[in-house]
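Each chain, written out:
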Number of protein chains: 2
Amino acid sequence: MTAQITIIGSGHMARALARAALRADRTVQILGRNGSQTRDLVESLGPGATGGIVGAPVEGGIVILAVPYGEVHPVLLELGDGIEGRVIVDIANPIDVSTFDRLLTPAGTSSAEEVAAIVNGRADVVKAFNTVYAGPLEAGSVDGQHLDVFIAGDSEAAKEKVSALVARSQMRPIDAGPLRRARELEAIMLLVSGLQVSPAHENFNWDTSLRILP
Amino acid sequence: MTAQITIIGSGHMARALARAALRADRTVQILGRNGSQTRDLVESLGPGATGGIVGAPVEGGIVILAVPYGEVHPVLLELGDGIEGRVIVDIANPIDVSTFDRLLTPAGTSSAEEVAAIVNGRADVVKAFNTVYAGPLEAGSVDGQHLDVFIAGDSEAAKEKVSALVARSQMRPIDAGPLRRARELEAIMLLVSGLQVSPAHENFNWDTSLRILP
């Protein structure tokens, strides 16, 4: 059996994304860099999930890069031609976590656009899931309300695939426009992360989620 | 009687801000540039509201610039020394409304920081109300939930004054940090406005509001 979704990484976001994909009845391949952590994650996910080490053949038509911003570039190099023709999902927030006061990307671009530059047409790049934390993503809801998942990209077909995954997983996909809207999606998370870590905001925590009403 | 809040402008946002201030039991002075529109607005607001033309003495300790981004600079020049020692609230969204694809401000700054540069220490500048549309602001809620109002500024005392107004008006003030966080607050509205105007998003409209859960 070939998995439908490949998730690169074995941390909290990888786990949450895997559970969301399984909830959507998709099969999942976890490719981690930490062998034992990857095995533990795959075992805990149960049926529908398989795993391996980054470098193993990529199975999914959708490949989600569930690694921190600083690892996106090296992971893409490791994946090499394995991404050819896939939908690559960038979830990174390029935040300077020593200050929560600036983005690590230069002005006028975004992590997602940097990924697109590296991918260079070999795959379609979509920005998604960067505004959701692992807990609400795994649950599919927060505070009794469904999660909003913003999706930006230049390929309508690629966005539709990610959108279908999100909707099937009982969350609300919101088409945010072209890939360059990732700049705004990443910017707002600089603000939200600052709220989340601030001791002055005791009601904001790892459940904190961004939502558009109605 | 001297009004507590001065609102510059006589449009939809001026009206909604005035109603929010009156709901908070504050007296309001409307200073417009369109005399008849200003008179109509003041009359419709009823007790607690007075009005005049921009150039008349500013009464409020809080002065809200309820004008489009392109009019902020000229209005500040007209107000001149009338802003001395006040709390100036910038609500502008510097969006290129011909495309909804870019901000009009250069990278690395914001409308609020531009206001601070013009004010040049003569008053404290606060960014607030830019993420709310007039309808939900006038109602104080959307979709049965209270409105979030993000407040950014470099003066804690000034932010507290605006925060008290918001809380008293039955909305939730969220301290978003220093004035430079206005960059992210303005960026996210490029995205939200794009959703609001897009025919593809039929559930987003002038009631559309940004909220942080929980």
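Residues numbered from 1 in each chain as written. Chains lettered and ligands numbered in written order. Predicted model: local features only at pLDDT ≥ 70, side-chain atom pairs only at ≥ 80, totals over all residues. Heavy atoms only, no water.

A.B. asks: I keep staring at the relation of the copies chain B and chain A and nothing clicks. Help me out?
C.D. replies: Note on the chain copies: they are related by a rotation about an axis and a translation along it. Once chain B has been moved 0.0 Å along the axis and rotated by 180 degrees, it coincides with chain A to within an RMSD of 0.0 Å. Given the turn and translation reported, the copies of this chain are related as if by a two-fold rotation axis. No C-alpha of chain B approaches the rotation axis more nearly than that of Arg211(B), which lies at 2.6 Å. Comparing interface residues between copies, 100% of those in chain B also lie at the interface in chain A; the contact surface is shared. (Least-squares fit on C-alpha atoms with pLDDT ≥ 70 in both. Contact = heavy atoms within 4.5 Å.)

A.B. asks: How should unusual backbone geometry be read in this particular structure?
C.D. replies: Of all residues except glycine, most have a negative phi; of all peptide bonds, most are trans. Following Leu213(A), the chain continues into Pro214(A) via a peptide bond in cis, with omega recorded as -5 degrees. Structurally, Pro214(A) can be placed in the segment after β11 (209-213). The phi dihedral of Phe100(B) is positive, around 50 degrees, even though this residue is not glycine. For Phe100(B), a relative accessible area of 22% gives the class partly exposed. (Helix = DSSP H or I, 4+ residues; strand = E, 2+ residues; numbered from the N terminus. Buried < 20%, exposed > 50% of the residue type's maximum accessible area, 1.4 Å probe, protein only.)

A.B. asks: Would you take a moment to explain the pattern of salt bridges for this structure?
C.D. replies: Opposite charge on two side chains permits them to pair, given that their charged atoms come into close proximity. One pass over the structure, following the stated rule, counts 32 salt bridges over all chains. Each of Asp101(A), Arg180(B), Arg181(B) and Glu184(B) takes part in a single network of salt bridges with overlapping partners. (Salt bridge = Lys/Arg side-chain N within 4 Å of Asp/Glu carboxyl O.)

A.B. asks: I'm lost on empty space enclosed by the protein in this one. Help?
C.D. replies: Unoccupied space between atoms shows up once a probe the size of one water molecule is rolled over them. Tallying each qualifying case throughout the model produces two cavities of 30 Å³ or more. Taken as a whole, the largest cavity encloses approximately 40 Å³ of empty space. Around the largest cavity, the lining residues are Leu17(B), Ala20(B), Ala21(B), Ile64(B), Phe129(B), Leu165(B), Val166(B), Ser169(B) and Met171(B). For the lining of the largest cavity, the secondary structure elements donating two or more residues are α1 (12-23) and α6 (156-168) of chain B. Sort the elements by how many residues they give to the lining of the largest cavity and α1(B) lands first, with three residues. Here the lining of the largest cavity is built from residues that sort into eight nonpolar, one polar and no charged. Approximately 30 Å³ is the volume found for the second largest cavity. Lining the second largest cavity we find Leu17(A), Ala20(A), Ala21(A), Phe129(A), Leu165(A), Val166(A), Ser169(A) and Met171(A). Of all elements in the fold, only α1 (12-23) and α6 (156-168) of chain A reach the threshold of two or more residues within the lining of the second largest cavity. (1 Å grid on protein atoms, 1.4 Å probe; cavity = no way out; pocket = protein on both sides within 12 Å on 5 of 7 lines; lining within 4 Å. Points joined across faces, edges and corners; volume = space filled by probe spheres on them. Nonpolar A, V, L, I, M, F, W, Y, C, P; charged D, E, K, R; others polar.)

A.B. asks: Honestly, the environment of Leu190(B) in this entry has me stumped. Any pointers?
C.D. replies: Of note, Leu190(B) is situated in helix α7 (residues 182-197). Assessed through its relative accessible area of 1%, Leu190(B) is described here as buried. Not counting residues up to four positions away in its chain, the partners in contact with Leu190(B) are Arg181(A), Glu184(A), Ile95(B), Phe100(B), Asp101(B), Arg102(B) and Leu103(B).

A.B. asks: What is the right way to look at the pairing of strand β1 (residues 5-8) of chain B in this model?
C.D. replies: Look at any regular strand and the pattern is simple: side chains alternate between the two faces of the sheet. Residue and element names in this part refer to chain B. The two faces of β1 match: Ile5 and Ile7 on one face and Thr6 and Ile8 on the other face are all buried. Here β1 runs beside strand β2 (residues 28-32); their pairing, made up of four bridges, is parallel. Bridged to Ile5 within β2 is Val28. As a crossover connection, the stretch from β1 through α1 into β2 is right-handed. When β1 meets strand β4 (residues 62-65), the two strands line up parallel, connected through four bridges. Residue pairing across strands places Ile8 opposite Leu65, the latter belonging to β4. (Pairing = 2+ DSSP bridges. Right-handed = clockwise from strand over helix to strand, strands pointing away.)

A.B. asks: Explain the sheet that holds strand β3 (residues 49-53) of chain A to me, please; I cannot follow it from the model alone.
C.D. replies: Through backbone hydrogen bonds, the strands of a sheet pair up, either in parallel or in antiparallel fashion. The sheet built from eight strands is open, its strands ordered β3-β2-β1-β4-β5-β6-β9-β10 (chain A) with mixed pairing. A single partner strand is all that each edge strand has here, and the edge strands are β3 and β10 (172-177) of chain A. Across the sheet, the axes of successive neighbouring strands diverge by a mean angle of 25 degrees, strand direction being ignored. Pairing geometry for strand β4 (residues 62-65) of chain A and strand β5 (residues 87-90) of chain A, over four bridges, is parallel. Considered in β5(A), the bridge of Leu65(A) is made with Asp90(A). Sheet strands in contact with α7(B) are β9 (148-153) and β10 of chain A, and its direction is about 105 degrees off that of β10(A). (Axes fitted to C-alpha atoms, helices over the stretch in contact; angles between N-to-C directions.)

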